Amino acid sequence: MKLSFLALLLAIPALTAAGTADAIDVSKLQVGEQGRRYVVDFEAQLAAEPAAVMRVLLDFANYPALDPRILQARRSMRDGKPLLFTQLRGCLGSVFCQTLDRYELLDEQPGLLVATAIPGEGDVKYGLTVIRVESRDGGTWVRYRNEFDPSFWMPRWLVRKAMYTTLHDGTLEMFQAIEKRAGPGGE
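All values reported here derive from a predicted model rather than from experimental measurement.

With respect to the overall build of the protein chain
Across its full length, the protein chain holds three helices and eight strands. Moving toward the C terminus, one meets the helices and strands of the protein chain in the order β-β-α-α-β-β-β-β-β-β-α. With 187 residues in all, the protein chain has 52% of them scored as buried.

Shown next as structure tokens:
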């Protein structure tokens, strides 16, 4: 199932980031639904410096290294605005697999990255990812929120548990991979 570029990105199979278990301190990781939208809220303290974390987050071409489900990610410009295209191969168990495209307008600011899905393009009716990064306690405090509504039908009663597990585990594993790339010896 295609999620936000991070979610992306945005959602996510195992990326065991060796040596990061003690480097990331998760204070919140909640997955749920608000109406038709799936929602992930995540907050954690990373040991890496904020500038390094933002470098990893803005290195869209290397998103496949953060999440093996991401087949490609590329940033371009449209009408003077940054655009992110992400292609993802996602599976919920062995029941539902699909390759999905997502087109998002980006808002890149110091300590803030916002990706908003473009309605009518790609495989989501609605998508919003907000990542806030700030210096705290000698490392980086990260707040991440991903909301999305797929544009294709799937039986929610059948996929709900697998979707929640995928979003939960994938979000944690993605940020462990970000921490690993942003930390000392990373990249």
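Examining helix H3 (residues 156-182)
Spanning 27 residues, H3 covers 36 Å between terminal C-alpha atoms, matching the ideal 39 Å at 1.5 Å per step. Of all the bends in H3, the greatest measures close to 30 degrees and is centred on Ala-162.

A short note on the side chain of Thr-140
Structurally, the position occupied by Thr-140 is in strand S8 (residues 139-150). Look at Thr-140 and you get buried, because its relative accessible area is 0%. At 2.6 Å, the side chain of Thr-140 forms a polar contact with the backbone oxygen of Ala-48. With sequence-adjacent residues up to four places away left out, Thr-140 is seen in contact with Ala-44, Gln-45, Leu-46, Ala-48, Glu-49, Pro-50, Val-53, Val-133 and Glu-134.

Considering the side chain of Asp-149
Mapped onto the elements of the fold, Asp-149 is located in strand S8. Once residues within four sequence positions are removed from consideration, Asp-149 is found in contact with Arg-36, Arg-37, Val-124, Lys-125, Tyr-126 and Arg-156.

A word on the environment of Glu-179
Looking at the secondary structure, you find Glu-179 in helix H3. Relative accessible area serves as the criterion here: at 4%, Glu-179 is assigned to the buried category. Taking the C-alpha atoms as reference points, Glu-179 and Ala-47, 132 residues apart in sequence, are found 7.3 Å from one another.

What about the packing of helix H1 (residues 50-58) against H3?
Across the interface, H1 lies against H3 with an axial gap of 9 Å and an inter-helix angle of 115 degrees. You can see that H1 and H3 cross each other, and the crossing is right-handed. Touching Ala-52, Val-53, Val-56 and Leu-57 of H1 are Ile-178, Arg-181 and Ala-182, all from H3. Partitioning the contact of H1 with H3 into residue classes produces six nonpolar, no polar and one charged.

Thoughts on the pattern of salt bridges
A complete count under the given rule lists ten salt bridges for this structure. With its nearest N and O atoms 2.6 Å apart, the salt bridge here joins Asp-67 to Arg-69. Here Asp-67 matches Arg-69 in class, with each residue buried. Ionic pairing is found between Glu-134 and Arg-143, a salt bridge with its closest N-O pair at 3.2 Å. A network of salt bridges, in which partner residues are shared, links Arg-37, Asp-41, Arg-145 and Glu-147.

Scoring rules and cut-offs
Residues numbered from 1 in each chain as written. Predicted model: local features only at pLDDT ≥ 70, side-chain atom pairs only at ≥ 80, totals over all residues. Heavy atoms only, no water. Helix = DSSP H or I, 4+ residues; strand = E, 2+ residues; numbered from the N terminus. Buried < 20%, exposed > 50% of the residue type's maximum accessible area, 1.4 Å probe, protein only. Expected span 1.5 Å × (residues − 1). Bend = angle between axes of the 7 residues up to and from the residue. Polar contact = N/O pair within 3.5 Å; in protein donor to acceptor, adjacent residues only side chain to side chain. Contact = heavy atoms within 4.5 Å. Axes fitted to C-alpha atoms, helices over the stretch in contact; angles between N-to-C directions. Left-handed = near helix turned anticlockwise from the far one by under 90°. Nonpolar A, V, L, I, M, F, W, Y, C, P; charged D, E, K, R; others polar. Salt bridge = Lys/Arg side-chain N within 4 Å of Asp/Glu carboxyl O.

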